[in-house]
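Take a look at the letters that make up each chain.
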Amino acid sequence: LKARHRKARGALSAFSSTINDRSFAVRYFYESSKLRSLKLAIEADARKERERKKNELQACNQRYAELQKSVEALSHQYTYTSRGQERHKTKRCPKCRLEKELQSMSIVVHEWPLPDRGEDAIVVVFELACPIAFDLWRSMTFHILVDICTPGDISRIHPHKTLPQYDALKHYRECHPRAKERITLASDAKPFVNCHYGHTGIPTTEDKVCVNNGLVFRLFDTTTDRWAVGLLSHCDSGELCTFLLPKGPYFGLQKYLAETSHASNEVIANQADCHKDMTIHEFIAFGALRSGPRLQWMNILREIRARTLSFRHEEVHLLLAQAVSQVGPLSPDEDLLWHEELHDMPFINTLFGELESLMASVEGNWLEGVTISTIVMLVCRALSSTCEESTKSRGYSLLRRIRSATFTLLTQLSAKMQANGDETVSRQELQGRIRDMAFTCRSTFDIDEDESAMRASNDDMKIFAYCAVMIYDNTPSTLDDLLQHSQLMLERDKRCCHALETGARQYATRHRKGLDRAVAMIWGSYRRGTSWRALPAPNSRWLASHTAPSMASSQSRQTVHFNLIDGCLLVDGKQLGRLPSKIVQHPTYQAIFCDQILDVVPADIPGMEYATRGNFYDHQVSFALRLDDLIIRAKHIDVDSPVLQLIPSQKFVDDLPMTLITGHTHWLNLGTSEIEIRPAENAWISSPDNWRLPFAVTGSSTLQKAGVATLVDVRSRTWWMIAQRMRPLEDDRYIMVTCDAAFRHASSVKIELPRYGLEFFIDEDGELQSRNMRNMVVDSIQSTGTMFGLINQLVLRPKSQIADEDAWTVIIPDGRISYTPDGHHVRVTIAAEGTRVAYHLYRVDRDLRCLTGNVGLTSKLYQALLHAITSGCLPDPLTGRTGTEEALHILHSAACLSFMKLRSRDTDLLREISSLSTRRAWYPVHLRKMQTVPWSSLSSLAQHHGFHTAAKSIMDYGMQLSAFSEGSPNVAFDLPQHTDHLLQRSSIRASVLYPDQFLLPLVCGDTDIIYASRDMPDKYAEERAFGTAFMVYQWPSRLPVQQNLLSLLTQWKRFQGVGLSLSFRYSRDWLQPIFPDVLFSAYDLCRSVSENHAYQLVFTLASVAYGSQDKHALLPTLLAFATVPEIRHMVGPPRFTSYDLSDGFIPSNALLGNLITSCTINFDRSQERYLVSMPEEDEKALGRRRYSAFEDKCASEKQVLLGKLSAAWPCEDPPKLNTLQASCYDINKLSGKLCPVFRSCWRNLSLKQHLDVLQGILNRFYTPNPPSKLPSHYALNSHVNYVASPTSSVDAQNIFNRNPPAIHTFRSSHILPSTNQRDLVSPDSGLAVRLQKLVNDFRDRGRNKFHHKYADDLDRSRSIFCEEELAAPLDTIPYTMEVLLEHHSQCSAQFHELLAAIEDALSPASDAENAMHNAGLWPRITPNFLFGRMASVLGSRLRKAWRIALVCLSRILLQLQRSRRLLVFAANNNRVEFFKELENKECEGFDPEWYPDWLLIQIESQFLARPVQVKVALEMM
């Protein structure tokens, strides 16, 4: 490379943008006769084409001149219409046609195909016939330097034309089948033929038609779509040539491996970065090894001596490999500055000495394989840089020593794997150890010079070949899972094999003994035969030999092939040491062996191809591939053991439960035709406890387990009926139904759900009863009164109970939740995945009306999510709340903040909960004018804004707690992004839709928009409204009315008549009425209003005055219509629906004349059009005479028509015109146009006549001053500092302002009499003596004051115990079940009676409150709500009477829970627990009104606090 670089310095780069005589393309062109001929051919063809273009131009110019003469000789042609008018049509005019042809004449330019500049043209020709070798080299160079070594994305460009697309040269271009054609020429400039210069008008000259080439070609990379020049400047291979440390303790030290610029003091300063699994000394040694590029070898020598680094670690090997392999800068003499020490013989001798010492300490330990490979790497690197013979001899000696040691370890590991007796080391791990040890052993041959010295014996050839086969047999088909150290050694080994191929082939063909020994070690039955010979090229890497035939065992001669490069060993074309990849990658093989690599030999079982060389779990396994089916058979080492065949698991799909398919292997006994189903972890161990299927060709086959359990067929009716009940919880494929083989009746049927770990059985009543949950059966009604639409749930009810001591339970799987609309509801499904499924148990608490699960955060979040998704618009029967409200209640409870850290499942649930809130976004983003709201298929009320904020608060709290966790958190604390402003605004505007407890407005500042509402005072509008109202109230007859109504209507022109349905009831339409539409209807309505209905006009006319100014005195006029008797008694207005005063009150002659003229027939249809011409009268004069006669007749008939119409007025309809002789007009059309005009004028005239009478009356009652009164002046402060959106719901606190129901003094049940009459007894005297002796012994052993003080306290406690008298336990429970049941019934009745009374007191009372309740805006009165108001956080806001009432309710509920426990203990005859519960009194030792939270804790946990617990709690206050 150096020599080539020196020779190339005088020339330009092949990728240079400079084009001159030194360019590669130009120089190659002058040396290539082919290219020169191609250029001449292109130019010759171009000249011919140009000559043709010149001839074409000459013909076009000549044609233009001829046409020009013809045009000049012609004149334009004109024609005359029937009226005698002159007309010119260009399409029929010959001269115009010729002129148009002249204007359209053009010619396509001829563009010279090659650039005008000589060197540029040569480059184009070069690219048209680019040499294939040069094209491949150039493409590969770009692939390496650009595709691989250029980091980051490269922006693309789009040139206008590339050379392969250029039509003028396309047919000259040569396309070689092997050419990559990645680099070509391209131009941003357009060719002349493709731009607006492509055509030029005629006439023109040659220089405008024959133009030069317009393209500007440059080298272009078609793969990256970039100009080739400059791409190579971004090349950077540093990152690719730097090893990456794997995940682990060393991962954070990557910068110390990749760089050499850091100082050792910097490493010491950063020792806080040291991983906990690494010593501080190793951290400093690792970081400082490459501190200073020219100190690296000295640091390596020091660390080999100090042994601070753990050389057995892969990361240390990578560090040393980076240090010894990175070249670094060159000196002026082209020496390696970073590796100068390798030319110092004392340094190398010292290095070899330390490496020999290190090798001596590890050579017998196969766990130190990485250390040995590091030693080999350092020795080989030192040998490659020295020429000193003594030093080289010492290095070779060390390598031979390493080769012998590693070969010994390799054979030991191989034997260990064949024996497979060490269960502590997996077979896969052993294969990796063997592969890496073989790499290390063969790497001792990897030297640059004097190869013969390394292969001087047959032993070396034996080791070389044996290692090759071991590497091939133990390397997986996919290399991605290999450690980086193993991948590195694999690449080194490939390079070494290619370098040694020739020498190894020559040695093996001359000295066969070494290769024979290697094959014999691998294949025990190998028989030495013919000599090894190399196959002809290109297969010369294969050596072939024939084994000797064996007459004793009737074995024929076999052909053996060995590949020197990859180590593949074939016997008769089959791999000896390794299965073919098609078998290894087969799903059946992967299912049982995974990625294990087996040593195989030709099989001795008929029909099989391969067999394991050793025993695999005491079995010899055989393989055969038939078409696409893999046959696997196994035989135990016992002599009489049967041959087993593996049946692929997929064969049993839809026939067996998936539980017996996945995670199991299925072996068919070929002798007995019995299939044994074994667990995958015991795939090679037969057991009588396994499931067995004796296969019968005729009849039924029964799958049994240990002769006790029989599997029920998945196609039987029994299984189908059971699966139908279990289907909501488990997939049909995983349900196992078995029955007792001896008893074939329903009670022997057992149902297993292995993924859940649940089991059921059919009891004597034919119900599915759970074995995991005592006394619970599957309920026929699969509903809990909440979570409607949830499909995947299983509801269990108590089988039998005395009272209601056992609660219904629901099992809900934990999985991926999805939902779809189902009519007006939602259908929610849960996909349970995996071999084990977690599930949540929730108990239906009828007292508190909610579902209760465990206290874990995951259970709470999952419950909240399901409540939210299944929410509807109505409250759930169980909870009394909607699903949304229940979910928000759970999320804001203290239980969702009682955790130490968030787990991955918790954060996933929080993201799902957050995503329920609609993700509002600005649209467009930059304008912030509108918003997009992607609603999901859930109800809009279920997509509450509070879900995101609740999830965010929990997530933020978890993130704060993560600071106290050890190590970095393994969860992401991110949530779906929301636009805070839009979410806050939504929370304000949606607050009217939810009850007070669930408004949850977000804390925000000036988020919502302040609107100017109508309640802001308008002084002038109010004064107008007051004046009008007062005027109506006075009911005057003299008013300042409109003095010229007709003039006002004339200004309006168009207005409506009587007919609009109006009412004087208050309406928003009266605030700004459109007077042209309502005036006459209001006029007619006002005439019917008497003084008794004056208040209607007060509100109506005042509204009109408030909304608009009365500029035309119409309000007094409307009032006059009602107050003036003469107007009320006059004839009403005309009953026309509309008027248009622009038509006037009489049809004018001008209007009628225009209408008559518009109905004139066409001249061509008239009689005058066909008048005969006079003598010597030309066409033009004839036309004018005809048209003049037509006009005269039209004028005459028009006058007749006008006279007829004028004489008929006034009338509503025009007169009939059919009797007139008017041939020049369309009479029918005219009649149709006259009708609306006459009717409009008639309506206008009728209205005018009525208005004249009305106006006269109004003028008589006119007065300029209306009755008035000054209004009271007042002013409101319109300045708004804070605007809060009013809520429509009822504040929960406000309803507690009502009086509570009457509460009687709380008393315990009188049914259970006192139990304090039991006899008192003292502790056993013998026990007292033994306690005294124990305390004395403890005191005697004490050696300090603390010990004696502790003994004194113990003795005091003993004395109190011995003096205390305890109640003697009774032999029987003193109460019958009837008494306990009556006590329970009384407690239950008290609780429900008081609860109903409280609910009634807080329920809506008025119609308005009922409307709020029906709209869902009334607080949800539930036990949870009531007890929540008792909490110390809110209890202080309650009145004392309500606090007493709620405390009483709580105490009764505690008594109810206690009565249930007493019933259970009595039914189970548990006397000890019964008397403990009986003696324990509720609220003993504390005042419940002072400590209401203690009541709530006891209710939720269902227990009564013992006096000692109360005492401890009081002491801790």
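Residues numbered from 1 in each chain as written. Predicted model: local features only at pLDDT ≥ 70, side-chain atom pairs only at ≥ 80, totals over all residues. Heavy atoms only, no water.

Quick word on the overall build of the protein chain
Across its full length, the protein chain holds 48 helices and 42 strands. For 1517 residues, the compact-globule estimate of 2.2 N^0.38 gives 36 Å, and the C-alpha radius of gyration of the protein chain, at 53 Å, exceeds that figure by more than 25%. With the C-alpha coordinates aligned to their principal axes, the bounding extent of the protein chain is approximately 145 × 135 × 85 Å. Out of the 1517 residues in the protein chain, the part that is buried amounts to 45%. A sequence separation of at least 24 residues applies to 66% of the contacts in the protein chain between residues at least 6 apart. Only carbon and sulfur atoms are counted for the fraction: they give 52% of the accessible area of the protein chain, which is about 80000 Å². (Helix = DSSP H or I, 4+ residues; strand = E, 2+ residues; numbered from the N terminus. Rg over C-alpha atoms; globule rule 2.2 N^0.38 Å. Buried < 20%, exposed > 50% of the residue type's maximum accessible area, 1.4 Å probe, protein only. Contact = heavy atoms within 4.5 Å. Areas by Shrake-Rupley, 256 points an atom, 1.4 Å probe, with all protein chains shown as cover.)

Looking at the sheet that holds strand β12 (residues 542-546)
Spatial ordering of the open sheet is given by β11-β12-β13-β14-β15, a layout of five strands whose pairing is antiparallel. Across the chains shown, the open sheet's two edge strands, defined by having one partner strand only, are β11 (533-534) and β15 (574-575). Bridge analysis of β12 against strand β13 (residues 559-563) gives five bridges, and the strand direction is antiparallel. Bridge pairing in β13 links Ala-544 to His-561. (Pairing = 2+ DSSP bridges.)

What about the nonpolar core?
Ile-300, Leu-355, Leu-410 and Phe-562 are the most contacted members of the largest nonpolar core, which has 95 residues in total. For Leu-355, the contacting residues outside a window of four places in its chain are Ile-304, Ile-375, Leu-378, Val-379 and Leu-398. Membership of the second largest hydrophobic core comes to 45 residues, among which are Val-1041, Leu-1114, Leu-1247 and Leu-1254. (Core = buried A, V, L, I, M, F, W, Y, C linked by side-chain atoms within 4.5 Å.)

Describing the side chain of Thr-786
Position of Thr-786 relative to the elements: it lies in the loop between β30 (776-778) and β31 (794-798). Given the relative accessible area of 1%, Thr-786 is considered buried. Within polar-contact distance, the side chain of Thr-786 engages the side chain of His-867 at 3.5 Å. Among the polar contacts listed, one links the side chain of Thr-786 to the side chain of Asp-876, at a separation of 2.8 Å. Filtering out sequence-adjacent residues up to four positions away, Thr-786 remains in contact with Leu-851, His-867, Asp-876, Leu-878 and Thr-879. (Polar contact = N/O pair within 3.5 Å; in protein donor to acceptor, adjacent residues only side chain to side chain.)

Describing the sheet that holds strand β6 (residues 183-187)
Pairing is antiparallel across the open sheet formed by four strands, whose spatial order is β5-β6-β9-β10. Lying at the two open borders of the sheet, with one neighbouring strand each, are β5 (161-162) and β10 (226-227). Bridge count between β5 and β6: two bridges; the pairing is antiparallel. Bridged to Lys-161 within β6 is Ser-187. With respect to the sheet, helix α5 (residues 118-128) is in contact with β6 and β9 (217-221), its orientation differing from that of β6 by roughly 135 degrees. (Axes fitted to C-alpha atoms, helices over the stretch in contact; angles between N-to-C directions.)

A short note on the pattern of salt bridges
Under the criterion given, the structure shown has 69 salt bridges. The salt bridge partner of Glu-730 is Arg-755, with a shortest N-O separation of 2.6 Å. Of the two residues, Glu-730 is situated in the loop between α23 (717-726) and β26 (736-740) and Arg-755 in the loop between β27 (749-753) and β28 (758-762); the sequence distance between them amounts to 25 residues. Taken as a pair, Glu-730 and Arg-755 share a single burial class, namely buried. What you see here is one network of salt bridges that share partners, running through Asp-763, Asp-765, Glu-767, Asp-779, Arg-797 and Lys-799. (Salt bridge = Lys/Arg side-chain N within 4 Å of Asp/Glu carboxyl O.)

Quick look at the pairing of β6
Most of β6 sits inside the fold, with five of its five residues counted as buried. Here β6 shows no split at all, with Ile-183, Leu-185 and Ser-187 on one side and Thr-184 and Ala-186 on the other all buried. Of the strand pairs in this sheet, β6 and β9 are connected by five bridges, and their pairing is antiparallel. Bridging across to β9, Ala-186 finds its partner in Arg-218.

Observations concerning the packing of helix α24 (residues 857-869) against helix α26 (residues 904-916)
For the pair α24 and α26, the least separation of the axes is 10 Å and the interaxial angle reads 25 degrees. As summarised for this structure, α24 and α26 are arranged roughly parallel, according to the angle between their axes. Handedness of the α24/α26 crossing: left-handed. Residues Leu-857, Thr-858, Leu-861, Tyr-862, Leu-865, Ala-868 and Ile-869 of α24 pack against Arg-905, Asp-906, Leu-909, Leu-910, Glu-912, Ile-913 and Leu-916 of α26. Considered class by class, the residues forming the contact of α24 with α26 number 10 nonpolar, one polar and three charged. (Parallel < 35°, antiparallel > 145°, perpendicular 65-115°, else oblique. Left-handed = near helix turned anticlockwise from the far one by under 90°. Nonpolar A, V, L, I, M, F, W, Y, C, P; charged D, E, K, R; others polar.)

Describing the confidence of the model for the protein chain
Low pLDDT means the predicted coordinates in that region are not meant to be read closely. Residues with a pLDDT of 70 or more make up 91% of the protein chain, whose mean pLDDT is 84. Of all secondary-structure elements in the protein chain, the lowest mean pLDDT belongs to strand β41 (residues 1320-1321), at 58, while strand β32 (residues 809-813) reaches the highest, 95. (pLDDT = per-residue confidence, 0-100.)

Re empty space enclosed by the protein
For the coordinates displayed, the defined rule picks out four cavities of 30 Å³ or more. Looking at the largest cavity, its volume works out to about 90 Å³. Residue lining of the largest cavity: Thr-475, Pro-476, Ser-477, Thr-478, Arg-578, Leu-579, Val-584, Tyr-589, Asp-595, Gln-596, Ile-597 and Leu-598, and that is the complete set. Taken together, the residues of the lining of the largest cavity break down into six nonpolar, four polar and two charged. (1 Å grid on protein atoms, 1.4 Å probe; cavity = no way out; pocket = protein on both sides within 12 Å on 5 of 7 lines; lining within 4 Å. Points joined across faces, edges and corners; volume = space filled by probe spheres on them.)

Brief notes about the pairing of strand β35 (residues 839-845)
Judged from the five bridges that link them, β32 and β35 form a sheet pairing that is antiparallel. The residue bridging Val-810 from the neighbouring strand is Tyr-842, located in β35. Taken together, the three bridges between β35 and strand β36 (residues 850-852) define a ladder with antiparallel strand orientation. Residue pairing for β36: Arg-843 is matched across the bridge by Thr-852. Turn length for the β35-β36 hairpin, with the two strands adjacent in sequence and antiparallel, is four residues, and the turn residue Arg-849 shows positive phi of about 55 degrees.

Re unusual backbone geometry
With an omega of 5 degrees, the peptide bond running from Ile-202 to Pro-203 counts as cis. Its place among the elements puts Pro-203 in the loop between β7 (199-201) and α8 (206-209). Looking along the chain, the bond that leaves Ala-537 and enters Pro-538 is cis, with omega of 10 degrees. Of note, the phi angle at Met-787 is positive, near 55 degrees, even though the residue is not glycine.

Description of the environment of Asp-1084
One can find Asp-1084 in helix α31 (residues 1075-1086). The sequence separation of Asp-1084 and Gly-1057 amounts to 27 residues, and the corresponding C-alpha distance is 9.8 Å. Not counting residues up to four positions away in its chain, the partners in contact with Asp-1084 are Val-1058, Pro-1133 and Arg-1135.

As for the packing of aromatic side chains
Scanning the model with the defined rule gives 45 aromatic pairs in all. Relative to Phe-347, the ring of Trp-297 has its centre 6.4 Å away and its plane inclined at 90 degrees; by these criteria the two rings are edge-to-face. Remark: Phe-347 occurs in helix α14 (residues 345-362) and Trp-297 occurs in helix α12 (residues 296-306); sequence separation between them is 50 residues. For Phe-347, a relative accessible area of 6% corresponds to the buried category. Pairwise contacts between aromatic rings join Tyr-589, Phe-593, Phe-616, Tyr-617, Phe-623, Trp-667 and Trp-684 into one cluster. Positioned over the ring face of Trp-227 is Arg-218, at 3.8 Å from the centre of the ring. Against the face of Trp-808 rests Arg-846, its NZ or CZ located 5.6 Å from the ring centre. (Phe/Tyr/Trp six-rings, centres within 6.5 Å; stacked < 30°, edge-to-face > 60°. Lys NZ or Arg CZ within 6 Å of the ring centre and 35° of its normal.)

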